[in-house]
Amino acid sequence: MKVGLFIPCYINQLYPQVGIATIELLEKLNVEVVYPSQQTCCGQPMANSGYEYESVGAYNNFVNNFKDFDYIVTPSGSCAYHVKKHYDIIPQTEEVVAVRKNVYELCDFILNVLKRKDLGAAFPYKVGVHKSCHGLRGLRLGSCSEVVEEKYSYIEELLNEVKGTEIMPLKRADECCGFGGTFAVTEEAVSVKMGKDKIKDHLESGVEVITATDTSCLMHLEGLVNRNNQPLKVLHIAEILNSNISSKN
Amino acid sequence: MSHPNLASIFNKDEKRVDWHDKALWFVRHKRDRSVHNVKGWESLRELGHGIKAHTLSNIDNYLIQFEVNALNNGVQVHWAANAEEHNQIVHKILKKNNAKKVVKSKSMLTEECHLNPYLEADGIEVIDTDLGERIVQLAKEPPSHVVLPAIHKDRHQVDELFQEHLGTEPCDGDPQYLTAEARKHLREKFIQADVAITGVNFAVAETGGFVVCTNEGNADMGAHLAPVHIACMGVEKIIPKQEHLGVFLRLLARSATGQPITTYSSHFKKPRKGAKMHIVIVDNGRSEQLSRPDFRASLHCIRCGACMNTCPIYRRSGGHSYDYTIPGPIGSILSPGKDLKKYSTLPFASTLCGSCSDVCPVKIDIHSQLYKWRQIITKNTPQPFIKKKSMKVMGQIFAKPSQFEKIGKVARWSLRNLPKSFINSKPNAWGKARDLPKGPKQSFDDWHKQREDNKLKNK
Ligand code: SF4
């Protein structure tokens, strides 16, 4: 099995620890991971801002880097979703079709391709799961509260096996955090309010660590937590699944 | 004003935002509880979607069938290409009947056509009889929601409005007293009315009949008391068969308020003896929207308001921030078709979270349409130079790995070394309320390269 790792641009530059945790975790699970060094970005920032045509170069670069892999794994539901849903504006060559089909969000890949659940992690904290929208309603990494369907959640299935972790219930389990790419800046007031409300829900539930499949949402939430000195830590799910902390401090 | 501007004004009063958000979330939650009890809810949505798609593809035939049947039932049918024509037709009917006083039940179409000011200019009194609509009418405001038109007003504001306009006693916003007073006031208007105008929720091609849904019975009260009933409908209200009501009435009530059925689902078919009934069928841009393959599904909408209740942005910016007759997610995909430039910020008033599409009872792919409008807007309306340029530059950087690495280094260095006050200063909207991440020394690329080098060395 040839697995290519895609590390989103902002993780690469701003949150390298998330990429490191992802690669270490996959290697622990005996996956041989290749990191194509010429990769950049999936093109989402421009496309969601209405400049899809400016992202064609990024799309082609992505396909060139990943066309030779059986699976493309990324610690970002949002990027995986973008490749799957929006790479329809470039010619649908065999390579493009294959790349779109084979791209997986990390938890999805571990659970549904590797068929692994207990990853041997230990993380003795109260964790609040932020269900990032593109993963949830785009990739269907879990059931959402709007749809009448059986309840499931890939990220929680994996977290449930982590020793010491307690998943805390939220009042609004799957409301958006308000990041939304350039929305965070163009609609600053609403974006910030949404983030504040999200954090309040976690705090009121006694959460110590917020986690998600997407660093983009977490960057927004962390920005608010840090600015307001709130007693919360923010970690990507890869960092938790790659942890081996047997007891609190 | 643009959506971000109006939204940030709304957000100046955080308590009000909280209250507005909670009120609507409550309705969304009621909807959840109600639909999760319906076996086959998702098939029902699928069916609703299918019937609407089929109907839109054959809309000409169904409308003609409807007209024939309505005429046979003794109803007079009128066609209006646009708002202006619609208003003229209604006005003419009123004139012919010497009508001075009109009661109107909720109709987003007449809002869209600005019927009230048109009639009022000729000295005709138009009273909105839906309680919420009456409240916003007294406040001289447009509705802020399609089902809950006065949801942006709290009971104390209503108390004040009623004191001023209806002469009520101060009551500390006692809802019971206020509704009782409103009822008294409206009863009087119902009795005096020369003509009743209603909207139409569903028009049935096979029978020529139509259905109006209200929770207050105000459509019936108006139509049964006045000698003339005018029902105004957009062309997309047509459904082929009576039996399809079994799908749509179930979807509508639960999605709108969580009720199993709307309190009054009134079926109208023919005028009663001595009375007259008119139907005005209005296009007003709908066939144009129908001609846009990417956006035609927006005409499936049954105006349940669920996409508003679920939208985290709508709940925190209020219906008026959209500055369009139909606010919220559905308004944001309808309005650009009307005036691309004026409504150019609406498709961007979304995180593309997709909740609207999942909640919509007729499965409109609302968030995908928002994305598509964005692509059209940036090409066809003037965009800030800086935005255009930065997108181009970003596109070039991401297309070339070597450039990407250089730029990344500079960005990380800046985040680490520039003072916080500079990074979070004015032009940076991110930093007003949020910290930026601390730029790490090493990117993932650097770390990975180092690791690969070490591996080689240790071989
Ligand atoms: S778009 Fe769908 S959810 Fe929104 S008002 Fe229309 S029918 Fe209801």
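Structure: above.
The structure displayed is predicted, hence computed values, not measured ones.

1. Side note on the packing of aromatic side chains
Okay, so step 1: Taken as a whole and judged by the stated rule, the model has 20 aromatic pairs over all chains.
Okay, so step 2: Judged by centre distance (5.8 Å) and plane angle (85 degrees), the ring pair of F62(A) and Y87(A) falls under edge-to-face. Within this pair, whereas F62(A) is found in helix α4 (residues 56–66), its partner Y87(A) is found in the loop between α5 (77–86) and α6 (94–102), the two being separated by 25 residues in sequence. The exposure classification of F62(A) matches that of Y87(A), with both residues buried.
Okay, so step 3: Measuring from centroid to centroid gives 6.0 Å for F66(A) and F69(A), while their planes differ by 50 degrees, and the two rings are tilted.
Okay, so step 4: Residue classification places F66(A) among the buried positions, given a relative accessible area of 1%.
Okay, so step 5: Judged by relative accessible area, F69(A) falls into the buried class, the value being 11%.
Okay, so step 6: Each residue in the set F6(A), Y59(A), F62(A), F66(A), F69(A) and Y87(A) is aromatic and connected to the rest through ring pairs, giving one cluster.
Okay, so step 7: For the cation-ring pair, K387(B) lies above F348(B), with the distance from its terminal atom to the ring centre recorded as 4.5 Å.

2. A short note on the nonpolar core
Residue and element names in this part refer to chain B.
Okay, so step 1: With 153 residues, the main nonpolar core has F202 and I330 as its most contacted residues.
Okay, so step 2: If near-sequence neighbours (up to four positions away) are discounted, F202 is found in contact with G209, F210, V211, K237, I239, L245, F248, L249, L252 and I302.
Okay, so step 3: Membership of the second largest hydrophobic core comes to 25 residues, among which are F66, A223, M277 and L299.

3. Here's the deal with helix α9 (residues 155–166) of chain B
Residues and elements named next belong to chain B.
Okay, so step 1: For α9, the full list of buried residues reads V158, D159, L161 and F162.
Okay, so step 2: Lining the buried residues of α9 we find α8 (131–138) and α10 (175–192).
Okay, so step 3: Between the side-chain oxygen at the start of α9 and the backbone nitrogen of H156 there is a gap of 3.1 Å, and the oxygen is on D154.
Okay, so step 4: Positive backbone phi, at 65 degrees, marks G167, one or two positions downstream of α9.

4. With respect to the sheet that holds strand β10 (residues 276–282) of chain B
Residue and element names in this part refer to chain B.
Okay, so step 1: Here we have six strands laid out as an open sheet, ordered β1-β10-β7-β4-β2-β3, and parallel in their pairing. Each edge of the open sheet carries a strand with a single partner, namely β1 (76–80) and β3 (125–128). Here the strands of the sheet are splayed against their neighbours by 20 degrees on average, with no regard to which way each runs.
Okay, so step 2: Direction of pairing for strand β7 (residues 228–234) relative to β10: parallel, over a ladder of seven bridges. Bridge assignment links M233 to a residue of β10, and that residue is I281.
Okay, so step 3: Seen against the sheet, helix α5 (residues 83–96) touches β1, β2 (101–104), β4 (195–198), β7 and β10 and runs at an angle of roughly 150 degrees to β1.
Okay, so step 4: Packing against the sheet, α10 makes contact with β2 and β3, and its axis sits at approximately 135 degrees to β3.

Each value, and the rule that gives it
Residues numbered from 1 in each chain as written. Chains lettered and ligands numbered in written order. Predicted model: local features only at pLDDT ≥ 70, side-chain atom pairs only at ≥ 80, totals over all residues. Heavy atoms only, no water. Phe/Tyr/Trp six-rings, centres within 6.5 Å; stacked < 30°, edge-to-face > 60°. Helix = DSSP H or I, 4+ residues; strand = E, 2+ residues; numbered from the N terminus. Buried < 20%, exposed > 50% of the residue type's maximum accessible area, 1.4 Å probe, protein only. Lys NZ or Arg CZ within 6 Å of the ring centre and 35° of its normal. Core = buried A, V, L, I, M, F, W, Y, C linked by side-chain atoms within 4.5 Å. Contact = heavy atoms within 4.5 Å. Polar contact = N/O pair within 3.5 Å; in protein donor to acceptor, adjacent residues only side chain to side chain. Pairing = 2+ DSSP bridges. Axes fitted to C-alpha atoms, helices over the stretch in contact; angles between N-to-C directions.

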